[in-house]
Structure formats: structure tokens, C-alpha cells
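Summary of the model geometry
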Amino acid sequence: MVGTPLHCKSPNHGPRRNGLRPSLIVLHYTAMDSAEAACARLCDPEAEVSAHYLITMTGDTMPLVPEDQRAWHAGAGEWRGHSDINSRSIGIELDNRGSHPFPEPQMAMLETLLRGIMDRWAILPEGVIGHSDMAPGRKVDPGPRFDWPRLARQNLAGKGNSQRATADPTVDAFVTAARAAGYTATHDIDLLLQSTRLRFAPWRKGPLCADDMVLGHNL
């Protein structure tokens, strides 16, 4: 990995519960002013938060928690009917305030890191999710500026359903489709719509429409 000026190992971790192994990778942004500030918080015992990796905007990578340990990054939430996401996942923090694009060096290093993790733990592309996917309404990271289609084109994230919608949507049909895609943390239509749009169509506004039924990237 690229060397980094940050030097920190987080004490905020423990064993994975119930014999669980990583089957998910959860992507976050730090929402802090600098990678140094984020690293300090992720390594602060009083903060009680952590992640397995932090990637700076220049592409430096900081391993904070061993992959076989349970880091404290996901919090309350659910994906595909499963809770305790921390025990089921590896967390990657990206140095970004959420208001600007993710730089090329950072994205390139993320891709390299994802390939290694997915290979080591046999994690499928569909297992790479955002914090907002498993905690609708509570979290919005990695946010609307994150390039999910770029990862999907390389099989580093799920492509979803790429077919175009052909019928008018209904709330019940949308909730059913969203839950089938993995969004089981809430039945609330507004939260589901916000979360799925963050992943697949962050530019889309307004009420539920036929395109919202697609739940995929048009690659």
C-alpha cells in the first residue's frame, strides 16, 4: 500500500460475533476537515468509532483495524434482513466532507483495496454497499458525489437492475422492489426513496416515478 504520514492503530474494535465473517464492505465518507482529524477520531477510545481503513484524498491508505476484527463503523441498520452489520462487514472511510467529488488518486486506491478485500473474503460485488444503503435516513454517506457506476463497471459493486421501467410505479411495488434489492432497514417510502436515489440516481428529485423502480445503473 502507499505510504502515509498518518500513524495510528485504532483500539476501537473487538471480535466478530457469532462466528460471522465479512460478507459486506461498507463505504463511508469522514465528513471531517482533514484526514488527520478523521484518523484521530477513529483512534480515540472515547469516540467509540473506528473503521478498518482510511483513504486520504491523495490516495494514501491507513489500516486502522485488522480485517478479522469487528470495527465500529456501521452502527444501527440492516441489509438483506441481517443486522449487526459491524460483524458482517469491513468498513472503509474516505476522506471527504460530502460536498466535493472524490479525487482520482483516492478512487484508484479504493479500487485496489476493494479488489484485495473481495478476493481475501470472497465478497461479491453486491456486497459492496454504502452506509446510506443499510441505514436509510440516519446516514447519507458516501453521498451523492460518489461514483458508484465506476465501481459497478469493474465488478467492484453491484450493477443492480439496469432495465428501463415500463410501467407507472406504486408505493407497494417500489417497497417490494427495494426490499428485494437489499433495502430492508425501513418500510418508510421517503427514506427508501432517498436511500435508493443516493445509490442509483442522486440527481433525481420529486415524488416516486417510474425510473425509481429500476434500482440499477445504466452502464
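Quantities reported herein were computed from a predicted structural model and do not represent experimental measurements.

Reading the values: rules and limits
Residues numbered from 1 in each chain as written. Predicted model: local features only at pLDDT ≥ 70, side-chain atom pairs only at ≥ 80, totals over all residues. Heavy atoms only, no water. Helix = DSSP H or I, 4+ residues; strand = E, 2+ residues; numbered from the N terminus. Contact = heavy atoms within 4.5 Å. Buried < 20%, exposed > 50% of the residue type's maximum accessible area, 1.4 Å probe, protein only. Arc of directions from axis to C-beta. pLDDT = per-residue confidence, 0-100. Pairing = 2+ DSSP bridges.

Next up on the list: the environment of Pro-207. With respect to the helices and strands, the residue Pro-207 is situated in the segment after α7 (189-200). Linking Pro-207 and Asp-133, residues 74 residues apart in sequence, is a C-alpha distance of 19 Å. Contacts of Pro-207, omitting those with residues within four sequence positions, involve Leu-193, Arg-197 and Asp-212.

Another aspect to go through is helix α6 (residues 171-180). Buried within α6 are the following residues: Phe-174, Val-175 and Ala-178. Buried residues along α6 cover an arc of 100° about the axis, so they all sit on one side. Relative to its buried face, α6 has exposed residues pointing more than 90 degrees away, namely Asp-172, Thr-176 and Ala-180. Buried residues along α6 sit against α7. Within two residues after α6, Gly-182 carries a phi angle of roughly 120°, on the positive side.

All right, on to the confidence of the model for the protein then. Confidence in the prediction for the protein averages 93 pLDDT; 94% of positions are at 70 or higher. Scored below 50 in pLDDT, residues 1-5 makes 13 contacts in the model with residues more than four places away or belonging to other chains.

Of all the six residues making up strand β2 (residues 24-29), six are buried; the element is thus mostly covered by neighbouring parts of the structure. Pairing of β2 with strand β6 (residues 89-94) involves six bridges; the strand directions are parallel. When the sheet's bridge partners are listed, Tyr-29 is paired in β6 with Leu-94. Looking at chain direction, β2 and strand β7 (residues 128-130) are connected through three bridges and run parallel. Paired with Ile-25 across the bridge in β7 is Val-128.

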